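Fold and contact review
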Amino acid sequence: SAVISQKPSRDICQRGTSLTIQCQVDSQVTMMFWYRQQPGQSLTLIATANQGSEATYESGFVIDKFPISRPNLTFSTLTVSNMSPEDSSIYLCSVEFAGGHSSTDTQYFGPGTRLTVL
Amino acid sequence: QKEVEQNSGPLSVPEGAIASLNCTYSDRVSQSFFWYRQYSGKSPELIMSIYSNGDKEDGRFTAQLNKASQYVSLLIRDSQPSDSATYLCAVSHREGAQKLVFGQGTRLTINP
């Protein structure tokens, strides 16, 4: 595994504004992902952040609302645009590491960003 | 029908007993299965991964996979109060962890 950090750890934002969340890994990884965890709910995949190309979004999530950057193999950003109270969630980045012999690839999560939109 | 289903609990187990957590999935093409533990206010941490039928043991934890019946379970032996957390079952359609689909999680409480 590796050390995954996210900034900010939490923020309180006003309706209609945007927030950019950063995810940094201390080693190069091919696959990075962004998830949302709404209050009392489980995790939902927003998109896969692809290095050198556009992110791949899951059903129900669009680039205009959640633009993603992946400039290199250790860093990604997720922007939550034109926020509304319904965007209040924990946003988590994750990275995938290849498993060794007889072990499957596994995904590890950053500490998360707790976003509250007023 | 949800793709990954778990009993939301809460599941209450006495200290020292075996805690049994279950998860069913609907898509037969699922290939890799993961259990994450999430403490309140924290991010999920990986407990176990399994992709072959049968049992996989790691310390006090045992993951069990039955692809024919489409269920995966997690057993925690000698349960400790520190095991109290929400346990998330996650499923991937490929070998590896890409595009994980999570269940709702089971809240486990270990009573001293």
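Description of the confidence of the model for chain A
In the predicted model, chain A carries a mean pLDDT of 92, and the fraction of residues at 70 or more is 94%. Mean pLDDT values over the elements of chain A span from 90, in strand β10 (residues 106-109) of chain A, up to 98, in strand β3 (residues 19-25) of chain A.

Structural notes on the interface of chain B and chain A
Every contact between the two is made by 21 residues of chain B and, on the other side, 23 residues of chain A. Summing both partners gives a buried area of about 1,700 Å² for chain B against chain A, and 52% of it is carried by carbon and sulfur. Area buried by chain B at its contact with chain A is led by B:Tyr51, B:Lys99 and B:Phe102, which between them contribute 26% of it. Connecting chain B to chain A are one salt bridge. One salt bridge connects A:Glu58 with B:Lys99, and the closest N-O pair in it is separated by 3.4 Å. Taken together, chain B and chain A are joined by six residue pairs in polar contact (both at pLDDT 80 or more). Mapped by element, the contributors of at least two residues to the side of chain B that touches chain A are β4 (32-38) and β5 (45-50) of chain B. With four residues, the single largest contributor to the side of chain B that touches chain A is β4(B). Of the residues belonging to the side of chain B that touches chain A, the class tally is nine nonpolar, nine polar and three charged.

Reading guide: rules and limits
Residues numbered from 1 in each chain as written. Chains lettered and ligands numbered in written order. Predicted model: local features only at pLDDT ≥ 70, side-chain atom pairs only at ≥ 80, totals over all residues. Heavy atoms only, no water. pLDDT = per-residue confidence, 0-100. Helix = DSSP H or I, 4+ residues; strand = E, 2+ residues; numbered from the N terminus. Contact = heavy atoms within 4.5 Å. Buried area = accessible area lost by both parts, 1.4 Å probe. Salt bridge = Lys/Arg side-chain N within 4 Å of Asp/Glu carboxyl O. Polar contact = N/O pair within 3.5 Å; in protein donor to acceptor, adjacent residues only side chain to side chain. Nonpolar A, V, L, I, M, F, W, Y, C, P; charged D, E, K, R; others polar.

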